[in-house]
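Reading the structure
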Amino acid sequence: MGSHIGWRANKVKGARHMKTNALNQKSYCWVVVADESKAVFYTRETRRSPMQEAFSLDNAIAREKMADILTDTGGRSFDSGGQGRHTMTRENGGPKHQAIAAFAKEIAGELHKARHAGAFREFAVVAAPRFLGILRTALASAGKLEAHVEVDKEVVGKDPEFIAGLVDAAWP
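Residues numbered from 1 in each chain as written. Predicted model: local features only at pLDDT ≥ 70, side-chain atom pairs only at ≥ 80, totals over all residues. Heavy atoms only, no water.

1. What to know about the sheet that holds strand β1 (residues 29-34)
- If you trace the five strands from one edge of the open sheet to the other, you get β3-β2-β1-β6-β7, paired in mixed fashion. Strand pairing shows two members of the sheet lacking a second neighbour, β3 (52-58) and β7 (149-152), which therefore form its edges. Between one strand axis and the next, the sheet turns by 15° as a mean value, whatever way the strands run.
- Strands in contact with helix α4 (residues 129-141) are β1, β6 (122-127) and β7; relative to β6, the strand with the most contacts, it is inclined by about 145°. (Pairing = 2+ DSSP bridges. Helix = DSSP H or I, 4+ residues; strand = E, 2+ residues; numbered from the N terminus. Axes fitted to C-alpha atoms, helices over the stretch in contact; angles between N-to-C directions. Contact = heavy atoms within 4.5 Å.)

2. Topic: the packing of aromatic side chains
- Taken as a whole and judged by the stated rule, the model has six aromatic pairs.
- Residues Phe41 and Phe55 carry aromatic rings whose centres are separated by 4.3 Å and whose planes lie at 15° to one another, so their mutual orientation is stacked. Note that Phe41 is positioned in strand β2 (residues 38-44) and Phe55 in strand β3, a separation of 14 residues in sequence. With respect to burial, Phe41 and Phe55 carry one shared label: buried.
- Grouped by ring-pair contacts, the aromatic residues Trp30, Phe41, Phe55, Phe120 and Phe123 constitute a single cluster. (Phe/Tyr/Trp six-rings, centres within 6.5 Å; stacked < 30°, edge-to-face > 60°. Buried < 20%, exposed > 50% of the residue type's maximum accessible area, 1.4 Å probe, protein only.)

3. Re the nonpolar core
- In terms of nonpolar packing, the biggest core is built from 29 residues, with Trp30, Phe41, Ile107, Leu111, Phe123 and Phe131 touching the most fellow members.
- Looking at this core, the elements that each hand over two or more residues are β1, β2, β3, α3 (95-116), β6 and α4.
- If one sorts the elements of this core by residue count, α3 sits on top with seven residues.
- Contacts of Phe123, omitting those with residues within four sequence positions, involve Trp30, Leu111, Leu139, Leu145, Glu146, Ala147, His148 and Val149.
- Among the nonpolar cores identified, the runner-up in size contains 15 residues, and Val33, Val40, Ile163 and Ala164 belong to it. (Core = buried A, V, L, I, M, F, W, Y, C linked by side-chain atoms within 4.5 Å.)

4. Concerning the pairing of β6
- Where burial is concerned, most of β6 is hidden: six out of the six residues are buried.
- Covered by surrounding structure in β6 are Glu122, Ala124 and Val126 together with Phe123, Val125 and Ala127, the residues of both alternating faces.
- Pairing of β1 with β6 involves six bridges; the strand directions are parallel. Bridged to Val32 within β6 is Val125.

Right under this line is the structure:
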């Protein structure tokens, strides 16, 4: 058990080292590929050069089922008029949605730090359509960041060359 904890700590330390290297290395362009559960940050020396993975972030809560996150649900209630019943839980305000919004803010925070460190001149975002709007809102609130290119495709885990092709096709 102790060795497992040490391995995990070393893995996290390695991820921090990769982030630090990415911040210190000056690239022309960063490409962020994200969905609700994972974000992969790539660097490019030029707009069209091969993408190099710099680091990634994980959001384990997004992969969990709502039943595993919630210990109790809001239940159901009758309308005051007496005609109908409805759920007492909110559609978009639950813990999973909050975790997804917090993850988008974490991604935006990494980009904000990198921009202020001068790590890139431009950045592109490739995100799942259901996550792109949430990420766009987080970017706007984190120092008014705006991607030079946005691609609304779910491609986390795909080959970097495939992703580079999508980004290259979207550059103005």
